[in-house]
Amino acid sequence: MSEAEPPRISSGAIFRVFLIAGAISFGGGVIAYLREYIVNQQRWLDDDEFLDALELSETLPGLNSVNMSVIVGDRLRGAAGAAIAASGLILPGMIVVMTLGVLWNEQRHNPVVTAFLIGVAAAAVGLLSTVTLQLGHKQFARISDVVFIVATFAAVSLLKLSLVWVLLTIGPLAIWYYRPRDHAGAAVHRFAHLRERLLSHRAHWRH
Amino acid sequence: MNKLVNLTWVFALLSILAVGGGTAVLPEMQRMTVHQFHWISDKQFRDIYSLGQVAPGPNMLMVMVIGYREAGAAGAALVGLAFFLPDCILTFFANRLWARFAGSPWRAAAQRGLAPVAIGLMISGTYAIARLSILNVMGAAIAAATMGILLWRHINPTILISIAGIAYIIYSRW
């Protein structure tokens, strides 16, 4: 990221943009909506800056879209900007999901409601499989990555191990396996990884 | 009171464990909220997950409904804060520190190494939802059709998800 001081953007403008992204991003793919608003429409960040922020968002724990809001908000207006951006992003969904939650709680024994939600969950399995395939298709082609993928899946889903232990064992092992050996190679790989992510998020963007 | 304390630390922990996003932490969330603390049943976990799918914004906002189910409005508010605030604070400071490691090859190694782990966790998350929702041929057909259509064309998944819900109602009535 460049060290140049970005122009101050008003709290109201930050809140409005993240609120809209949070309100219209149905069906996941919040990142794609954020990219459209922040890079293409408002031009607050260029593509490289957005990808830098995305790269960090994906490495850190938590929801990628919320992490993105914190990072972009901080860049635009410091700590206040981060708080405003994250609040704007989650506020609409929070209101909708709580309204649905209260209604569901009243109607949770209604077989029509249950049938609808089973259908939704089954479709979500198709959606999650697609997203996993798109994000991981490079990893699926590499034997060392497949070993880590299978080990993680087996530990969590088959052996039912606690996620804390899975992350504390397989995580460091995988990082150590890919420890720095050839600096130039690592830099090239990093770039390829980013390009891949950009394309997959583009593929996710729809009008 | 004890209930609110448990809701808070469980969801704060889950947000910090979510390496690779919300899907990655679904099996652990199910394990803790259903099997360990018995706040909800497996079927309710599936239903609440589906509510998140039909709401805008991050799907994982549905965690608030788990808090609501267990401890009403206070439970929802605490779970929302616990799931989002610690992670936002962590991201805020990590982002400011991150620039110092800009040239470090270990940064690339961390990303490279955590990528397959995150993919493995996403498969586990998908598998957890599949076990709760693919109960018959119709469920399998919906999942396969959704995947096929999304790989074929870039259409908004919410449309497919809504159609799937209605299709399953018709199937269950018939």
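Calculation rules
Residues numbered from 1 in each chain as written. Chains lettered and ligands numbered in written order. Predicted model: local features only at pLDDT ≥ 70, side-chain atom pairs only at ≥ 80, totals over all residues. Heavy atoms only, no water. Helix = DSSP H or I, 4+ residues; strand = E, 2+ residues; numbered from the N terminus. Contact = heavy atoms within 4.5 Å. Expected span 1.5 Å × (residues − 1). Buried < 20%, exposed > 50% of the residue type's maximum accessible area, 1.4 Å probe, protein only. pLDDT = per-residue confidence, 0-100. Buried area = accessible area lost by both parts, 1.4 Å probe. Salt bridge = Lys/Arg side-chain N within 4 Å of Asp/Glu carboxyl O. Polar contact = N/O pair within 3.5 Å; in protein donor to acceptor, adjacent residues only side chain to side chain.

1. Notes on the side chain of A:S162
Part 1 of the reasoning: For A:S162, the location among the structural elements is in the loop between helix 6 (143-158) and helix 7 (163-177).
Part 2 of the reasoning: Contact partners of A:S162, with chain neighbours within four places excluded, come to B:E28 and B:R31.

2. Remarks on helix 7 of chain A
In an α-helix there are 3.6 residues to a turn, and that puts residues three or four apart on one side.
Part 1 of the reasoning: Its 15 residues place the ends of helix 7 of chain A 20 Å apart at the C-alpha level, agreeing with the 21 Å of an ideal helix rising 1.5 Å per residue.
Part 2 of the reasoning: Where helix 7 of chain A is concerned, the buried positions are A:L163, A:V166, A:L167, A:I170, A:G171, A:A174 and A:I175.

3. Comments concerning the confidence of the model for chain B
Part 1 of the reasoning: The predicted model of chain B has a mean per-residue pLDDT of 94, with 100% of residues at 70 or higher.
Part 2 of the reasoning: Confidence scores differ between elements of chain B, with helix 5 (residues 105-133) of chain B showing the lowest mean pLDDT of 93 and helix 3 (residues 42-54) of chain B the highest of 97.

4. Let's talk about the interface of chain B and chain A
Part 1 of the reasoning: Between chain B and chain A, the residue contacts involve 97 residues of the former and 94 residues of the latter.
Part 2 of the reasoning: A buried area of about 8,600 Å², summed over both sides, lies between chain B and chain A, and 75% of it is on carbon and sulfur atoms.
Part 3 of the reasoning: Two residues, B:R96 and A:D74, come together in a salt bridge whose shortest N-O distance is 2.6 Å.
Part 4 of the reasoning: Across the chain B-chain A interface, the total number found is 16 residue pairs in polar contact (both at pLDDT 80 or more).
Part 5 of the reasoning: For the side of chain B that touches chain A, the secondary-structure elements that each account for two or more residues are helix 1 (2-17), helix 2 (26-36), helix 3, helix 4 (63-98), helix 5, helix 6 (137-152) and helix 7 (157-173) of chain B.

5. Looking at the environment of A:L76
Residue and element names in this part refer to chain A.
Part 1 of the reasoning: Looking at the element boundaries, L76 is found in helix 4 (residues 64-107).
Part 2 of the reasoning: The class for L76 is buried, based on a relative accessible area of 4%.
Part 3 of the reasoning: Through-space distance from the C-alpha of L76 to that of S11 is 9.1 Å; in sequence the pair is 65 residues apart.

6. Overview of unusual backbone geometry
Part 1 of the reasoning: A positive phi angle is found at A:K160, which is not glycine, with a value near 55°.
Part 2 of the reasoning: Along the chain, the position of A:K160 falls in the loop between helix 6 and helix 7.

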